[in-house]
Amino acid sequence: MKSLEYAIETRRLNISYGDNRVIKDVDMKIPKKTVFALMGPSGCGKSTMLRAFNRILELNKDAKVSGEIRLFGENIYAPGVDPTEVRKETGMVFQYPNPFPHLTVFENVAIGLKLNKLVKSRDELEDRIHWALEKAALLDEVRDRLKNYPSELSGGQKQRLVIARALAMKPKILLMDEPTANIDPIGTRKIEELLFELKKDYTIVLVTHSPPQAARVSDHVGFLYLGDLIEVGKTGKIFESPGSELTEKYLTGELI
Amino acid sequence: MKIRKPDLFQIITYPAVIIVFAIFISMLITFLIKSLPAFDMYGFNLYAKNVWIAAENPDNEKYGILAAIWGSIYTSIIAVGVALPLSIGYSIFVVDYAPKKVKNVLIILSDVMAGLPTIIYGVWAVFFLVPALKDNIMTPLYDTFSFIPLFSEPSISGFSIMSAGILLSIMVAPFASAIIRESYQMIPFKYKEAAFSLGLTRYETTKLLFGYIKPAVYSGMILAFGRAIGETVAVSLVVGNAFNLTANMLAPGYTISSLIANQFGNAFIYGHMTSVLYASGLFLFVIGLGVNLLGIYKLRRWRKNVEI
């Protein structure tokens, strides 16, 4: 099947809050094992769209989704699909680092595994947690502090802890909602470097309001403006010769 | 150079502060002074023995309020134990499930119930709650579990430690649930999102998030205990008012506050009883003070540490 080349595919995706349409007829394909940047000015609907990819959007009762979103060919909005199953396959990292403050570093990474019963033994759990922390490039910094609480970590470390928490579940897709928006430059660089490693195994969808970041880390980029997908394609191509005047304006900073 | 004028408005608030402090101190002093004769007479036995002999000749009077202390603690523990699941369930429903309009109604309802005059609860309990508990809970408990010391003797009238405990739980639940609900509502949305993004179910998420507000739940329990132990009128109507030092919650008992309320009116007839009742009040004063301080301290510390 051809559609299996893509990790995520949307078909006539519409999202609204009450009468307010925030995503309008979006058709988009995100190839596997790449970093796909979803960029646009604030309020353009990019975070909303990202939250539809793991059905976390429905925590907001006003949000209505119509159309299709296919993860590896399967429509996650088809009747009978259990949202918790969708979420197990799609890890998410948020704009504000949100490790659970009452759990230790270790427990934060373990919690999803434990509650979803994804590991069989304590040894397996420990192995998986070390593996996830290693993948998130955090293990060396917290090796001796696994029993400490995340309040001791820097913002960048917290964010990588949250990445480890998501990776521990071995998702296929990693959704990142402006993961460096509240992180200092050094932390930002570390996370961006991490993306290059992670895309070998995962499909990453990165929401960003910063075109330079999209240029640095992504392979493909989609530009959303007021709920419309203006343009989508290879990052290099779009940054060199944007196909739309709006995109050009956005990239040159004329559109905020 | 201008000399800074004293802030008059600030000064006129002083009397209010001073009055509050003065009242608190004078209460403590009153209780201490009035208790002294009882301490002289009975020493620590006053709190450690269960005896109540009110004789006309003061030399024959003997008092020890251990049964009332026990009853106060016992009924309050039952109250907190029953109120806790009630208030947690109520809070979860109000915050997570109730539609907006229902939510407001439920919040107002529980606030109103927290503020009702306690005699209302007492009178309602005498005519409804106690008989209902006796027929539907206490008798079956005795019939089935009489081998457990908690239910070892049948309840004759229904007026018992258990009735008082359950009534208290109904009275303190709105109060505890307000504290729990507010804390639960304060949890930043980002943690809820995080939990759901890991594929957790609603139940698992709620459980995880309650771990986060555990300190607030504890302080809610402690403050509810403080309320329960001080409650007087309603309890004295249903507790049975008997000096029983027993684990059997189906038996009638006494609490410190109901003891004072029942006996104070005629205490002046006896030589030492008034002082004994003041000493009982002092005990309650100290416990109430300690429990409330602990609860408030824990709640404040949690609210300060909560990450937004």
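Refer to the structure printed above.
Residues numbered from 1 in each chain as written. Chains lettered and ligands numbered in written order. Predicted model: local features only at pLDDT ≥ 70, side-chain atom pairs only at ≥ 80, totals over all residues. Heavy atoms only, no water.

Undergrad: Now, about the overall build of chain B: what can you tell me, with residues and values included?
TA: Secondary structure summary: chain B contains 12 helices and 2 strands in total. Its helices and strands taken in sequence order, chain B reads α-α-β-β-α-α-α-α-α-α-α-α-α-α from the N to the C terminus. Expressed as a percentage of the 308 residues in chain B, the buried residues total 45%. Contacts in chain B between residues far apart in sequence, at least 24 positions, make up 73% of those at least 6 positions apart. Carbon together with sulfur atoms contributes 70% to the accessible area of chain B, which is approximately 16,000 Å² in total. Distance between charge centres in chain B, computed from 22 positive and 15 negative side chains, equals 15 Å. (Helix = DSSP H or I, 4+ residues; strand = E, 2+ residues; numbered from the N terminus. Buried < 20%, exposed > 50% of the residue type's maximum accessible area, 1.4 Å probe, protein only. Contact = heavy atoms within 4.5 Å. Areas by Shrake-Rupley, 256 points an atom, 1.4 Å probe, with all protein chains shown as cover. Lys, Arg positive; Asp, Glu negative; His and termini not counted. Charge placed at Lys NZ, Arg CZ, Asp CG, Glu CD.)

Undergrad: A description of the overall build of chain A should follow, citing residues and the corresponding values.
TA: Along its length, chain A carries 10 helices and 10 strands. Here chain A has a C-alpha radius of gyration of 18 Å; the compact-globule value for 256 residues is 18 Å, and the two agree. Taken along the three principal axes of its C-alpha coordinates, chain A extends 55 × 45 × 35 Å. Looking at chain A residue by residue over its 256 residues, the buried ones come to 55%. When contacts within chain A are restricted to residue pairs at least 6 apart in sequence, long-range pairs at least 24 apart make up 67% of them. Put simply, chain A shows about 11,500 Å² of open surface, and 49% of that area lies on carbon and sulfur atoms. (Rg over C-alpha atoms; globule rule 2.2 N^0.38 Å.)

Undergrad: Lay out the sheet that holds strand β2 (residues 20-31) of chain A in plain terms, naming residues and giving numbers.
TA: Residues and elements named next belong to chain A. Spatially, 4 strands are ordered β2-β1-β4-β5 in an open sheet, and the strand pairing comes out antiparallel. With partners counted over all chains shown, the strands left at the sheet margins are β2 and β5 (74-75), one partner each. Alignment of strand β4 (residues 63-71) against β5, held across 2 bridges, turns out to be antiparallel. Among the inter-strand pairings, Arg 70 is bridged to a residue of β5, identified as Asn 75. (Pairing = 2+ DSSP bridges.)

Undergrad: Could you give an account of a nonpolar patch on the surface, with specific residues and numbers?
TA: Residues and elements named next belong to chain B. Together, Ile 108, Leu 109, Val 112, Met 113, Leu 116, Ile 119, Ile 120, Val 123, Phe 127, Val 233 and Leu 237 give the surface a local cluster of nonpolar side chains, amounting to about 940 Å² of exposed area. At the level of elements, α4 (100-115), α5 (118-145) and α10 (233-238) are the ones that each hand at least two residues to the nonpolar patch. If you trace the backbone, Ile 119 turns up in helix α5. (Patch = residues over 30% accessible without salt bridge, like charges linked within 9 Å, V, L, I, M, F, W, Y side chains within 5 Å. Salt bridge = Lys/Arg side-chain N within 4 Å of Asp/Glu carboxyl O.)

Undergrad: Tell me what's going on with the sheet that holds strand β6 (residues 90-93) of chain A, and back it up with residues and numbers.
TA: All names here are of chain A. Reading across from one edge, β6-β7-β8-β3-β9-β10 is the order of the 6 strands in this open sheet, with mixed pairing throughout. Whereas interior strands pair on both sides, the edge strands pair on one side only; in this sheet they are β6 and β10 (228-234). Along the sheet, successive strands turn relative to each other by an average axial angle of 15°, direction set aside. Here strand β7 (residues 173-177) pairs with strand β8 (residues 203-208) via 5 bridges, running parallel. In the strand pairing of β8, Ile 173 is matched with Thr 203. This element, helix α7 (residues 185-198), spans β3 (35-39), β7 and β8 of the sheet and lies at about 155° to β8. (Axes fitted to C-alpha atoms, helices over the stretch in contact; angles between N-to-C directions.)

Undergrad: Requested: an account of the side chain of Ser218(A), with residues and values cited.
TA: All names here are of chain A. Examined against the element boundaries, Ser 218 turns out to sit in the loop between α8 (211-217) and β9 (220-225). Within polar-contact distance, the side chain of Ser 218 engages the backbone oxygen of Ala 214 at 2.6 Å. Among the polar contacts made by the side chain of Ser 218, one reaches the side chain of Thr 235 at a distance of 2.8 Å. Discounting chain neighbours no more than four positions away, the residues touching Ser 218 are Val 35, Ala 37 and Thr 235. (Polar contact = N/O pair within 3.5 Å; in protein donor to acceptor, adjacent residues only side chain to side chain.)

Undergrad: Please provide a residue-by-residue account of the pattern of salt bridges, values included.
TA: Residues and elements named next belong to chain A. Across all of its chains, the model carries 22 salt bridges over all chains by this definition. The salt bridge involving Arg 51 is made with Asp 177; its shortest N-O contact spans 2.7 Å. Highlighted residues: Arg 51 in helix α1 (residues 46-53) and Asp 177 in strand β7, separated in sequence by 126 residues. Here Arg 51 and Asp 177 have matching classes, each one buried.

Undergrad: An account of the interface of chain B and chain A is needed here, citing residue identities and associated values.
TA: Every contact between the two is made by 18 residues of chain B and, on the other side, 27 residues of chain A. Area buried by chain B at its contact with chain A is led by Glu193(B), Ser197(B) and Leu198(B), which between them contribute 30% of it. Our enumeration of links across chain B and chain A arrives at 1 salt bridge. Note that Glu193(B) and Arg51(A) form a salt bridge whose closest N and O atoms lie 2.7 Å from each other. The tally of links between chain B and chain A comes to 5 residue pairs in polar contact (both at pLDDT 80 or more). Among the secondary structure elements, those contributing two or more residues to the side of chain B that touches chain A are α7 (189-197) and α8 (202-212) of chain B. The dominant element in the side of chain B that touches chain A, judged by the number of residues it contributes, is α7(B), at 8 residues. Residue composition of the side of chain B that touches chain A, by class: 9 nonpolar, 4 polar and 5 charged. (Buried area = accessible area lost by both parts, 1.4 Å probe. Nonpolar A, V, L, I, M, F, W, Y, C, P; charged D, E, K, R; others polar.)

Undergrad: Before we move on, can you summarise the pairing of β4(A) with the specific residues and values?
TA: For a regular strand, the rule is simple: side chains alternate between the two faces of the sheet. Residue and element names in this part refer to chain A. By the bridge criterion, 8 bridges tie strand β1 (residues 6-17) to β4 in an arrangement that is antiparallel. Residue pairing for β4: Ile 15 is matched across the bridge by Val 65. Joining the antiparallel neighbours β4 and β5 is a turn of 2 residues, in which Phe 72 adopts a positive phi near 50°.

Undergrad: I'd like a rundown of the side chain of Thr235(A), residues and numbers included.
TA: Tracing the chain through its elements places Thr235(A) in helix α9 (residues 235-240). Sequence-distant contacts of Thr235(A), that is, excluding residues within four places in its chain, are made with Ala214(A), Ala215(A), Ser218(A), Asp219(A), His220(A) and Val221(A).

Undergrad: Go over helix α3 (residues 66-97) of chain B with me, naming the residues and quoting the values.
TA: In this model α3(B) runs 45 Å from its N-terminal to its C-terminal C-alpha over 32 residues, within 8% of the 46 Å that 1.5 Å per residue would give. Taking the largest bend as the criterion, α3(B) deviates by roughly 30°, centred on Ala83(B), and proline Pro85(B) comes between one and four positions later. (Expected span 1.5 Å × (residues − 1). Bend = angle between axes of the 7 residues up to and from the residue.)

Undergrad: Could you give an account of the environment of Val217(B), with specific residues and numbers?
TA: All names here are of chain B. Take Val 217: it is sitting in helix α9 (residues 214-230). As a C-alpha pair, Val 217 and Glu 153 span 64 residues in sequence and 34 Å in three-dimensional space. Apart from residues no more than four positions distant in its own chain, Val 217 is found in contact with Leu 84, Ile 180 and Phe 210.

Undergrad: Which residues make up α1(A), and what values go with them?
TA: Residue and element names in this part refer to chain A. Within α1, 7 of the 8 residues are buried, leaving the element largely enclosed by the surrounding structure. Of the residues making up α1, those classed as buried are Lys 46, Thr 48, Met 49, Leu 50, Arg 51, Ala 52 and Phe 53. Following α1 by one or two positions, Arg 55 adopts a phi angle in the positive range, close to 60°.

Purely spatial values, then, with no claim about function.
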